Amino acid sequence: MTRDDDPLEPRAALRRAGGANEPEPGEASPGLAAELEAAKARIAEIERQAEARLAIVIEAAERRRLALEQEKAQASAEEAQKAVKAVQDAEGRAEAALQRAEKAETAIHQQAKAMSGLKGRLIRLLAGDVLK
């Protein structure tokens, strides 16, 4: 496949002879260029849509994170309120117990004063040390 002592590649030789419909390797057909540009445009549009979807997903995740933080804060506030209520209840029970103890102490003092003789003196002496 040489012509005028010019060695050619088989495709080039067939092209010169008119047997091939392929364009020259350096030439681009106008249809292929248009297809390439259309494909690039589709790829760019798909990338833009993917970025928009990603932004929406990120925004939704951020909203969910904020909602969870608020729920956690509300739960903490509720637990704090329960703890305050429990402390108030305990203070009330302690105050009631203190009042009962004071009443019992007063009753013991009155009973000790009512006792006569050596036994009454001994109890008043001992109660005086404990119940001032």
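Remember, it's a predicted structure, so these values are computed and weren't measured experimentally. (Residues numbered from 1 in each chain as written. Predicted model: local features only at pLDDT ≥ 70, side-chain atom pairs only at ≥ 80, totals over all residues. Heavy atoms only, no water.)

1. Brief notes about the overall build of the chain
Just so we agree on the cut-off: Helix numbering and strand numbering both begin at the N terminus, where a helix is a DSSP run of H or I of at least 4 residues and a strand a DSSP run of E of at least 2. For every residue, the accessible area obtained with a 1.4 Å probe (protein chains only) is divided by the maximum for its type, and the residue is called buried under 20%, exposed over 50%, and partly exposed between those limits. Note on areas: Shrake-Rupley, 1.4 Å probe, and residue coverage restricted to the protein chains presented here.
Looking only at helices and strands, the chain features three helices and two strands. If you list the helices and strands of the chain from N to C, you get β-β-α-α-α. Taken over 132 residues, the chain has a buried fraction of 5%. Surface summary for the chain: the accessible area is close to 11500 Å², and the carbon and sulfur share equals 58%.

2. Some thoughts on the environment of Gln111
Tracing the sequence through the fold places Gln111 in helix α2 (residues 30–114). Using a relative accessible area of 55% as the deciding quantity, one classes Gln111 as exposed. A sequence separation of 13 residues divides Gln111 from Arg124, and the C-alpha atoms of the two residues are 9.5 Å apart.

3. Structural notes on the pattern of salt bridges
Short version of the rule: In what follows, salt bridge is the name for a side-chain nitrogen of Lys or Arg lying within 4 Å of a carboxyl oxygen of Asp or Glu.
Tallied over the full model, the rule gives five salt bridges. A salt bridge links Arg65 to Glu62, with the nearest nitrogen and oxygen atoms 2.3 Å apart. One end of the pair, Arg65, and the other, Glu62, are both in helix α2, three residues apart, so they sit about a helical turn from each other. For Arg65, a relative accessible area of 37% corresponds to the partly exposed category. Through salt bridges with shared partners, a single ionic network connects Glu62, Arg65 and Glu69.

4. Section: the environment of Ala127
Positionally, Ala127 belongs in helix α3 (residues 117–130). Exposure remark for Ala127: the relative accessible area of 11% places this residue in the buried category. Distance in space between the C-alpha atoms of Ala127 and Glu105 is 9.4 Å, their sequence separation being 22 residues.

5. Brief notes about the confidence of the model for the chain
Detailed reading of predicted coordinates is not advised where the pLDDT is low. Applicable threshold: Per residue, pLDDT measures the predictor's confidence, with a range of 0 to 100.
Mean pLDDT over the chain: 82, with 75% of residues reaching 70 or higher. Highest mean pLDDT in the chain belongs to α2 (92); lowest belongs to strand β1 (residues 2–3) (54).

6. So, a nonpolar patch on the surface
Put simply, the rule is: In this analysis, a patch consists of residues with relative accessible area above 30% that form no salt bridge, clustered at 9 Å for like charges and at 5 Å for the nonpolar side chains Val, Leu, Ile, Met, Phe, Trp and Tyr.
Taken together, the side chains of Leu122, Leu125 and Leu126 make up a nonpolar region of the molecular surface, amounting to roughly 300 Å² of accessible area. With respect to the helices, strands and loops of the structure, Leu125 is situated in helix α3.

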